[in-house]
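# Close look at the chain arrangement
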Amino acid sequence: MTAPAPTRVGGSWLTLFTIAWLAIWTVQLTPVQLLLPLQLDSQNTGGQWLDGVVWSGIVLSVGGGAGIIAGPLSGRLSDRTRSRWGRRRPWGIGGSLLAAASLVVTAFADGPVAVGAAWIGVSVGIAVASTALTALIADQLTDQRGVASAAASSAQAVGIVVGVGAVVLLGLGIVESYLVLAGFIAIVGVATAVLLPDPAHAETQGTQETQRGPRSSSLRDRDFLWLLSGRLVVNIGNALGTALLLFFLIYGIGIPAASAEDSLLLLIVIYTVFVVLASIVAGAISDRRGAHRALTIIAALIQGVAGIAILASPTFEMLLVAAGLMGTGYGAYMAVSLSFSTLLLRDPEDHARDLGVVNVSASLGQLLGPLLGAGLVALVGGFWLLFAGAAALSIVGAVMTFAVRNPQRSLSPTAAPH
């Protein structure tokens, strides 16, 4: 029998974990926010701007669908991996390399169908790598789960700034941007997967068997399912409010296309600052005081207020205010809801699979959002319904989270970091 796992990890673990998430979010969200809309809009020869919006929604959603399948599937395989390199590391390395190769293909893809096919590979690679990374929270942490979850969610916002900022400030073209992102995930994703501790399954099997009785599944737990549903709805609301901002700046409030990228970068920077601050504060509070459900509900409602603000005054000045509100709500929500989900896990043998589903609930929302948003914009020929939907879904997600009961389960990681 192995010794009980320590409850805390050091700064080097958290630093590597944060850098790994920074790489994942940068290569996923930079194309979503900027490169794919530009790539698809530039290939629109019909002069109809709605075509670019619709194709963006389709490409992101189809690619995301493949990632949705790949995440839990790779997580289940990771849970049962018996490699001497560990359970999570091989999948983190493989996912990073697949994403890098697919980004290179996306760079040279011609036409919406080819771009969509290449984006499937990117989405699958990111899903595989992020599922392996998320499992480390439940595997190795107890009282730092809020801090680790805050690192993952704040890295999401910082990743957008790093990616979009590099593209805009360095004046990179679409092809060059994809190639830079491919090199980034290949180097950083593989390096962090190698350096983060990941004990082989044989080292932890005895501990797992002594800690659990008859196996039960989180996927049949009503609280876990309510939380998943709420995360899905809140993330759709967030995607409605953020994914089509470039089109809104150009076609909604009339900012010239030449300066729209600079305006988008400013919005992203404001959004990022508030995401990082809110996620750190909310994650720390959840570690110290609990109250996961209350914090998650409040955060979702704040995000809803951002959508209402844009709906009431669709101006660039109000967009700046709404970016801060959206960042505050979303940063706090993602940090606390991820930590909350680890408290609801049932079986250590299914950590990666279950947390893969948790990741899917967020990524599915972020990828269904553009498709739904494109439909709403096309339906009314404008953007007001887009932001009304963002506000409504955020509030609905808060109500759904209210149905989750605060868990009374002890935290027992299945593996100790070396």
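Above this text is the structure in question.
Rules of the game
- Within every chain, residues take consecutive numbers counted from 1 along the sequence as written.
- Reporting of local features is limited, given that this is a predicted model, to residues whose pLDDT is at least 70; pairs of side-chain atoms are given and counted only at 80 or more, and all residues count toward the totals for whole chains, interfaces and linings.
- Hydrogen atoms and water are omitted, and side-chain values are computed over all heavy atoms in the structure.
- When a carboxyl oxygen of Asp or Glu is within 4 Å of a side-chain nitrogen of Lys or Arg, the pair counts as a salt bridge.
- Burial classification: accessible surface area is computed with a 1.4 Å probe over protein chains only, and a residue below 20% of its type maximum counts as buried, one above 50% as exposed, and the rest as partly exposed.
- Helix and strand labels come from DSSP, where a helix needs a run of H or I of at least four residues and a strand needs a run of E of at least two; each type is numbered from the N terminus.
- N or O atoms within 3.5 Å of each other form a polar contact, as long as, within protein, one can give a hydrogen and the other can take it, and as long as residues adjacent in sequence are counted only when both atoms are side-chain atoms.
- Residue contacts are defined here by distance: any two heavy atoms, one from each residue, within 4.5 Å place the two residues in contact.
- We call Phe, Tyr and Trp rings a pair once their centres come within 6.5 Å, taking the six-membered ring for Trp, and we label the pair stacked below 30 degrees between planes, edge-to-face above 60, and tilted otherwise.
- Here a cavity means grid points, on a 1 Å grid over the protein atoms only, where a 1.4 Å probe fits yet cannot get out; a pocket means an open set of points with protein on both sides within 12 Å along at least five of seven lines; lining residues are those with an atom within 4 Å of a point.
- Grid points are joined across faces, edges and corners, and a volume is the space filled by probe spheres set on the points.
- Three categories are distinguished: nonpolar for Ala, Val, Leu, Ile, Met, Phe, Trp, Tyr, Cys and Pro, charged for Asp, Glu, Lys and Arg, and polar for the others, with Gly belonging to the last.
- Expected span, for any helix, means 1.5 Å times one less than how many residues it has.
- Note on geometry: axes are C-alpha line fits, over the in-contact stretch for helices, and angles between N-to-C directions span 0 to 180 degrees.
- Helix crossings get a hand from a simple test, with the near helix turned counterclockwise from the far one by less than a right angle marking a left-handed crossing and a clockwise turn marking a right-handed one.

This part is about the pattern of salt bridges. The final tally for this structure, using the stated rule, is six salt bridges. Here Asp79 makes a salt bridge to Arg88, at a shortest N to O gap of 2.9 Å. Residue classification places Asp79 among the buried positions, given a relative accessible area of 0%. When its relative accessible area of 3% is taken as the criterion, Arg88 is described as buried.

Moving on: the side chain of Gln39. Examined against the element boundaries, Gln39 turns out to sit in helix α1 (residues 11-42). Within the structure, the side chain of Gln39 is placed 2.8 Å from the side chain of Tyr178, a separation counted as a polar contact. Sequence-distant contacts of Gln39, defined by excluding residues within four places in its chain, comprise Thr106, Ala107, Ala109, Val115, Ile174 and Tyr178.

With that out of the way, let us pick up the packing of aromatic side chains. By the definition in use, this model includes six aromatic pairs. Judged by centre distance (6.4 Å) and plane angle (20°), the rings of Phe247 and Tyr251 are stacked. Taken as a pair, Phe247 and Tyr251 lie in helix α9 (residues 245-252) at a separation of four residues, close to a single helical turn. Residue Tyr251 is classed as partly exposed on the basis of its relative accessible area, which comes to 33%. Measuring from centroid to centroid gives 5.0 Å for Phe248 and Phe387, while their planes differ by 70°, and the two rings are edge-to-face. With Phe248 in helix α9 and Phe387 in helix α14 (residues 384-402), this pair connects stretches of sequence that are 139 residues apart. Exposure class is identical for Phe248 and Phe387. Each is buried.

For the structure on display, the rule yields four cavities of 30 Å³ or more. Its volume calculated, the largest cavity comes out at about 380 Å³. Taken together, 32 residues line the largest cavity, and the ones lying closest to its centre are Trp25, Gln28, Asn359, Ala362 and Ser363. Put simply, the parts of the chain that give the lining of the largest cavity at least two residues each are α1, α2 (49-79), α4 (112-140), α5 (145-170), α8 (222-242), α12 (316-343) and α13 (351-380). Per-element tally for the lining of the largest cavity: the top contributor is α13, with seven residues. For the lining of the largest cavity, a count of residues per class yields 16 nonpolar, 15 polar and one charged. Roughly 230 Å³ of volume is contained in the second largest cavity. Gln33, Gly241, Thr242, Leu245 and Tyr271 are, among the 20 residues lining the second largest cavity, the residues nearest its centre. The set of elements that each furnish at least two residues to the lining of the second largest cavity consists of α1, α5, α8, α10 (257-289) and α12.

Of note, Ser56 is situated in helix α2. Sequence-wise, Ser56 and Val32 are 24 residues apart; in three dimensions their C-alpha atoms are separated by 8.5 Å.

One number sums up the size of the second largest pocket: a volume of about 160 Å³. For the second largest pocket, the full set of lining residues is Leu277, Ala278, Val281, Ala282, Ile285, Leu295, Ile298, Ala299, Ile302, Thr328, Gly329 and Ala332. When contributions to the lining of the second largest pocket are tallied by element, the ones reaching two or more residues are α10, α11 (292-312) and α12. Broken down by element, the residue count for the lining of the second largest pocket peaks at five residues, all from α10. Counted by class, the lining of the second largest pocket contains 10 nonpolar, two polar and no charged residues.

Turning to α10, a few remarks are in order. Given a rise of 1.5 Å per residue, 33 residues ought to cover 48 Å, and the 47 Å separating the end C-alpha atoms of α10 matches this to within 8%. Where α10 terminates, the next one or two residues include Gly290, which has phi positive at roughly 75°.

Attention now goes to the environment of Ala101. With respect to the element layout, Ala101 can be found in helix α3 (residues 89-107). Ala101 sits 84 residues away from Ile185 along the chain, and the two C-alpha atoms are 9.8 Å apart.

Between α10 and α12, the shortest axis-to-axis distance is 7 Å and the interhelical angle comes to 35°. Of the two elements, α10 crosses α12, and the hand of that crossing is right-handed. Of the residues assigned to the contact of α10 with α12, the class counts are 17 nonpolar, nine polar and no charged.

Attention now moves to the side chain of Thr134. Along the chain, Thr134 turns up in helix α4. With relative accessibility at 0%, the residue Thr134 sits in the buried group. Those residues in contact with Thr134 that lie beyond four places of it in its chain are Trp21, Leu338, Leu355 and Asn359.

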